[in-house]
Amino acid sequence: MYIKRAVEDSVLKISRTFPVLLVTGPRQVGKTTLLKHLSEASRNYVTLDDPDVRRMAKTDPALFMQRFTPPILIDEIQYAPEILPYIKMSVDNSGKMGDFWLTGSQAFHMMKNVSESLAGRIGIVNLLGLSANEIDGIASEPFTTSPERLMRRLKQTRRIGLNELYERIFRGAFPVLYRASNPPDLAEFYRAYINTYLQRDIRDLSQVADESTFYNFMIIAAARTAKPVIYEEMAKEAGVSAPTVKKWISILISSGIVALVQQYHNNVLKRVTKMPLLHFLDTGLCAYLLKWGTPETLERGAMSGAFFESWVFSEIYKSYLNAGKDVPVYYYRDKEKREIDLLLYESGTLYPIEIKKAASPGSESVKHFAVLNPVMEPERFDVLAQYKTEIGNGAVICMASDLLPIDQKNWIVPAWLV
């Protein structure tokens, strides 16, 4: 059974705007399934996973282009970057929008070739695993802290309790895990997934010499989900250098495994730290790497809050990607250890967000929001007054059962409303 994806409208819009569409993202998130579902009957399909087809594409790309004509969907384009210049010539000659649909799992290898060969001719969609809204069949939109928007969604969204939420956190977001008939065994799926990722993406395309060391590094990164990145500490644990840790984190980012949230700062907030915050984008993969056995042990365990925070972050992150928008997300942490888990920044306004695994967070949950007040005082800036930043509605995303105000500007937001 096909699960409707929130990104479908963005895909079709880009296909109408550019001659080439690229859907990229981690393995097994449904890139090919999505594009096959949206394809018209006349669109051809070819996969470069086929060794014979791949050989033709690499050794005789001109012949490949004669054999497989547009409109066409080419799967796993990263295996034959040799055909990209020929795609460029084809679209320059035809001028037709949406002639070529491409998928690729290994963005860290592919994007340089794509940007150089197809600049100005390609629109890119980043696809991640299923969002909670997609699983429940609910319309999605970019998350905001607007009380009006949240009240409207109260009528649309299904309430989820603690046990069901942690079952989803534990299972993860890969579509195959939610198929109605014969879903795979969870542990077997993730074991095979990691083996494929290490053997094909990492070994073949990034020249990581020791797969076991990189696997150990992935476990070290998983243990730091929802925590600031300290490269030297991770390097010491992994037995590699700090520059190697930076390189390997960039691989995890580019292949859609983790995201780094950068620190928000400006010329008023001078006492911020400079460490980025790491989040695993699939909590099921993270739980498997750390050998959590069941949703119940995860919910009661020492990392329960960190997993909750990363799940909320990934839902917000997906809500923007699925709408075809940049993710305007930061976090705040200063030298006095005052923290704000997330900051959305749009149109000159900051929206502070705390994430708490609690059913009844009190007003103390928003106490650190006050550290942002200086950004609203234009006389504190060294630039023109009209560039001051506003502070918008804040939110505490938690396990509350209802949407409730904390004060005039801040609200308690149930996690199932994200």
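Residues numbered from 1 in each chain as written. Predicted model: local features only at pLDDT ≥ 70, side-chain atom pairs only at ≥ 80, totals over all residues. Heavy atoms only, no water.

(A) Spotlight on the pairing of strand 10 (residues 339–346). Summarising the sheet, strand 9 (residues 329–333) and strand 10 pair through four bridges and their orientation is antiparallel. Looking at the pairing, Arg333 lines up with Glu339 of strand 10. Between strand 9 and strand 10, which pair antiparallel and follow one another directly, the connecting turn spans five residues, one of which, Lys337, has a positive phi of 65 degrees. Here strand 10 pairs with strand 11 (residues 349–355) via five bridges, running antiparallel. What sits directly across from Glu346, in strand 11, is Thr349. (Pairing = 2+ DSSP bridges. Helix = DSSP H or I, 4+ residues; strand = E, 2+ residues; numbered from the N terminus.)

(B) Broad picture of the environment of Tyr288. Considering the arrangement of structural elements, one finds Tyr288 in helix 14 (residues 283–289). Owing to a relative accessible area of 15%, Tyr288 belongs among the buried residues under this scheme. C-alpha separation for the pair Tyr288 and Gly120, spaced 168 residues apart in sequence, amounts to 40 Å. Apart from the residues lying within four places of it in its own chain, the contact partners of Tyr288 are Ala187, Tyr190, Arg191 and Ile194. (Buried < 20%, exposed > 50% of the residue type's maximum accessible area, 1.4 Å probe, protein only. Contact = heavy atoms within 4.5 Å.)

(C) Unusual backbone geometry, seen in detail. In this chain, Pro70 is followed by Pro71 through a cis amide linkage whose omega measures 0 degrees. In this structure, Pro71 sits in the loop between helix 4 (61–67) and strand 3 (72–75). Non-glycine residue Lys291 carries a positive phi angle of around 65 degrees. Position of Lys291 among the secondary structure elements: in the loop between helix 14 and helix 15 (295–300).

(D) Quick peek at the sheet that holds strand 7 (residues 258–261). The three strands lie next to each other as 6-8-7, forming an open sheet whose pairing is antiparallel. Of all the strands in the sheet, just strand 6 (227–228) and strand 7 have a single pairing partner and so form its edges. The pairing of strand 7 with strand 8 (residues 277–280) spans four bridges and is classified as antiparallel. Pairing of Ala259 across the sheet is with His279, part of strand 8.

(E) Molecular detail of helix 11 (residues 211–222). The end-to-end C-alpha distance of helix 11, which contains 12 residues, comes to 16 Å, matching closely the 16 Å that a straight helix rising 1.5 Å per residue would cover. All of the buried residues along helix 11 are Phe214, Phe217, Met218, Ile220, Ala221 and Ala222. (Expected span 1.5 Å × (residues − 1).)

(F) Examining the pattern of salt bridges more closely. Under the defined criterion, the tally for this structure stands at 22 salt bridges. Across the salt bridge formed by Glu167 and Arg171, the nearest N and O atoms sit 3.0 Å from each other. Of this pair, Glu167 and Arg171 both sit in helix 9 (residues 162–171), separated by four residues, roughly a single helical turn. Exposure remark for Glu167: the relative accessible area of 28% places this residue in the partly exposed category. Take Arg171: its relative accessible area is 23%, and that puts it in the partly exposed class. Because the salt bridges share partners, they merge into one network encompassing Asp136, Arg158, Glu164 and Arg168. (Salt bridge = Lys/Arg side-chain N within 4 Å of Asp/Glu carboxyl O.)

(G) Spotlight on helix 2 (residues 31–38). Taken residue by residue, helix 2 has Lys31, Thr32, Leu34, Leu35 and Leu38 as its buried positions. Here the buried residues of helix 2 occupy an arc of 160 degrees about the axis, which is enough to place them on one side. At its buried positions, helix 2 is contacted by helix 1 (8–17), strand 1 (20–24), strand 2 (44–47), strand 3 and strand 4 (100–104). (Arc of directions from axis to C-beta.)

(H) Representation of the packing of aromatic side chains. Applying the stated criterion across every chain yields a total of 13 aromatic pairs. Ring geometry for Tyr264 and Tyr330: centres 6.0 Å apart, planes at 70 degrees, overall edge-to-face. Of this pair, Tyr264 sits in the loop between strand 7 and strand 8 while Tyr330 sits in strand 9, placing them 66 residues apart in sequence. By relative accessible area, which is 30% here, Tyr330 ends up partly exposed. Ring centres of Tyr264 and Tyr345 lie 6.2 Å apart, and the angle between their planes is 40 degrees; this geometry places the pair in the tilted category. One end of the pair, Tyr264, is in the loop between strand 7 and strand 8; the other, Tyr345, is in strand 10, with 81 residues separating them in the sequence. A residue is classified by how much of its surface remains accessible, and Tyr264, at 7% relative accessible area, is buried. A relative accessible area of 31% places Tyr345 in the partly exposed class. By way of ring pairs, the aromatic residues Phe174, Phe189, Tyr190, Tyr193 and Tyr288 are connected into one cluster. Positioned above the aromatic ring of Tyr45, the side-chain terminus of Lys36 is 4.1 Å from the ring centre. (Phe/Tyr/Trp six-rings, centres within 6.5 Å; stacked < 30°, edge-to-face > 60°. Lys NZ or Arg CZ within 6 Å of the ring centre and 35° of its normal.)

(I) Structural view of the confidence of the model for the protein. Confidence in the prediction of the protein, expressed as mean pLDDT, is 90, and 92% of residues score 70 or more. Low pLDDT, under 50, characterises residues 380–386; the stretch is placed with 10 contacts to residues that sit more than four places away or in other chains. (pLDDT = per-residue confidence, 0-100.)

(J) Structural context of the nonpolar core. By size, the foremost hydrophobic cluster in this structure holds 95 residues, and its most contacted members are Phe214, Phe217, Leu252, Phe280, Ile316 and Ile397. Of all the elements, helix 16 (residues 304–321) adds the most residues to this core, at nine residues. The residues touching Phe217, leaving out its near neighbours within four places in the chain, are Met234, Ala238, Val245, Trp248, Ile249 and Leu252. The next biggest cluster of nonpolar side chains, apart from the first, holds 23 residues, and it includes Leu48, Ile83, Val91 and Ile122. (Core = buried A, V, L, I, M, F, W, Y, C linked by side-chain atoms within 4.5 Å.)

(K) Inspection of the environment of Thr59 at higher detail. The topology assignment puts Thr59 in helix 3 (residues 51–59). In sequence terms Thr59 and Ala80 are 21 residues apart; their C-alpha atoms lie 9.2 Å from each other. Looking at Thr59, its side chain comes within polar contact range of the main-chain oxygen of Arg55, at 2.6 Å. (Polar contact = N/O pair within 3.5 Å; in protein donor to acceptor, adjacent residues only side chain to side chain.)

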